[in-house]
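Descriptive analysis of the structure
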Amino acid sequence: MANEVLVDALPYIDQGYEDPGVREAAMAMVEEECRRYRPTKNYLEYLPALNTGCAFETDLMKNEFERLASRLPLETLNMKRYELPPPTKVGEVSAWNESVENSMAQLEHQNVRRINLDLMLEYGCEAWKSNLDMFAAMQAKAQDRCQTLKKEIQDINWERKDKQLKAGEKLKQLEAHWVHLVSKNYEIEQACAKLENEIQRKRPKRDENTVNEALENADLPVEKAQNDENIAKQKEIM
């Protein structure tokens with residue numbers, strides 16, 4: 001999960017790629033990623049080890065792989081065998097025998113070349129046509145495979161586009177619903193603020209009326225006592 005990358009881009013419905021500064025911001029992100037990426041000496045070490053014990057690997061190939069691993073230069077083709085030098089020592093029979101054997105080898109080599117030319121003249125055209133037919137069949141097979149892959153890629157692109165367009169419509173609906181809810185919450189907040197202001201404005205009057213009522217209720221027993229006292233005095237006089 002830690003190595004997974006969340007791709008949240010929807011290129012078929014996203015807008016604003018041509019806006020000023022977008023390309024510069026993307027290039028800055030790429031440069032930052034390249035700056036933070038530090039490849040190791042063996043950046044393929046996470047892959048399994050290469051199986052070199054294959055059946056098709058001959059001794060010649062193994063030696064060549066060893067030469068490449070050791071960084072040794074490639075040996076040039078030795079053309080001395082195809083040369084016909086004179087005897088190194090004219091007075092020795094062995095030198096002449098060696099030269100004669102070399103000349104016989106060169107003569108046989110030329111004879112083999114002549115035979116190959118005769119075979120090519122007789123069968124070369126048909127062999128070349130057969131080779132061309134084989135290559136044409138391979139090309140047709142490769143083209144069919146290429147067309148199949150292109151169709152699969154196109155189908156994947158169409159499927160991705162269809163999914164993104166459907167997701168875009170869903171996102172637009174959700175965005176519109178979100179805007180509606182935010183607007184409604186704003187209206188509710190405005191109404192609450194208005195009610196709070198009205199409550200704050202009416203609260204001093206309510207407090208004043210409450211105080212007056214308390215004072216009036218407090219004066220009632222005093223007035224009642226005075227009235228009772230006056231009534232008692234009038235009865236005594238009578």
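What follows concerns the overall build of the chain. Helix and strand content of the chain: three helices and zero strands. Secondary structure elements in the chain, listed N-terminal to C-terminal, are α-α-α. Put simply, the chain has 238 residues, and 4% of those count as buried. Sequence separation of at least 24 residues holds for 40% of the intrachain contacts in the chain that already meet a minimum separation of 6. Per element, the accessible surface of the chain, about 23000 Å² overall, is 59% carbon and sulfur.

Another aspect to go through is a nonpolar patch on the surface. The grouping of Tyr37, Tyr43, Leu44, Tyr46 and Leu47 at the surface amounts to a nonpolar patch, some 610 Å² of accessible area in total. Relative to the helices and strands, Leu44 resides in the loop between helix H1 (22-36) and helix H2 (59-70). The partly exposed category is assigned to Leu44, whose relative accessible area is 41%.

Another point: the confidence of the model for the chain. Per-residue confidence for the chain gives a mean pLDDT of 81, with 79% of residues at or over 70. Per-element confidence in the chain ranges from a low mean pLDDT of 83 for helix H3 (residues 93-237) to a high of 87 for H2.

By the element assignment, Ser99 lies in helix H3. Dropping the residues within four chain positions of it, Ser99 is found in contact with Leu84, Pro85, Pro86 and Pro87.

This part takes up unusual backbone geometry. Positive phi values are uncommon outside glycine, yet Arg71 reaches one of about 60°. One can find Arg71 in the loop between H2 and H3. Judged by its relative accessible area of 77%, Arg71 falls in the exposed class.

This part takes up H2. With twelve residues, H2 extends 16 Å between its outermost C-alpha atoms, agreeing within 8% with the 16 Å of an ideal straight helix rising 1.5 Å per residue. A positive backbone phi angle near 60° is found at Arg71, which sits one or two residues after H2.

For the rest of this paragraph, the subject is the side chain of Asn102. Position of Asn102 among the secondary structure elements: in helix H3. Not counting chain neighbours up to four residues away, the residues in contact with Asn102 comprise Arg81, Glu83, Leu84 and Pro85.

Moving on: the pattern of salt bridges. On inspection of all chains with the given rule, the structure shows eight salt bridges. Salt-bridge contacts for Arg35 lead to Glu32; the nearest nitrogen and oxygen are separated by 2.5 Å. Here the residue Arg35 and the residue Glu32 both occupy positions in helix H1, the gap between them amounting to three residues, near one helical turn. For Asp118, the salt bridge identified is with Arg114, shortest N-O distance 3.2 Å. Taken together, the residues Asp118 and Arg114, both in helix H3 and four residues apart, mark about one turn of the helix. Here Arg114 falls in the partly exposed class, since its relative accessible area comes to 46%. The network of salt bridges with shared partners includes Glu32, Glu33, Arg35 and Arg36.

Cut-off values and rules
- Residues numbered from 1 in each chain as written.
- Predicted model: local features only at pLDDT ≥ 70, side-chain atom pairs only at ≥ 80, totals over all residues.
- Heavy atoms only, no water.
- Helix = DSSP H or I, 4+ residues; strand = E, 2+ residues; numbered from the N terminus.
- Buried < 20%, exposed > 50% of the residue type's maximum accessible area, 1.4 Å probe, protein only.
- Contact = heavy atoms within 4.5 Å.
- Areas by Shrake-Rupley, 256 points an atom, 1.4 Å probe, with all protein chains shown as cover.
- Patch = residues over 30% accessible without salt bridge, like charges linked within 9 Å, V, L, I, M, F, W, Y side chains within 5 Å.
- Salt bridge = Lys/Arg side-chain N within 4 Å of Asp/Glu carboxyl O.
- pLDDT = per-residue confidence, 0-100.
- Expected span 1.5 Å × (residues − 1).

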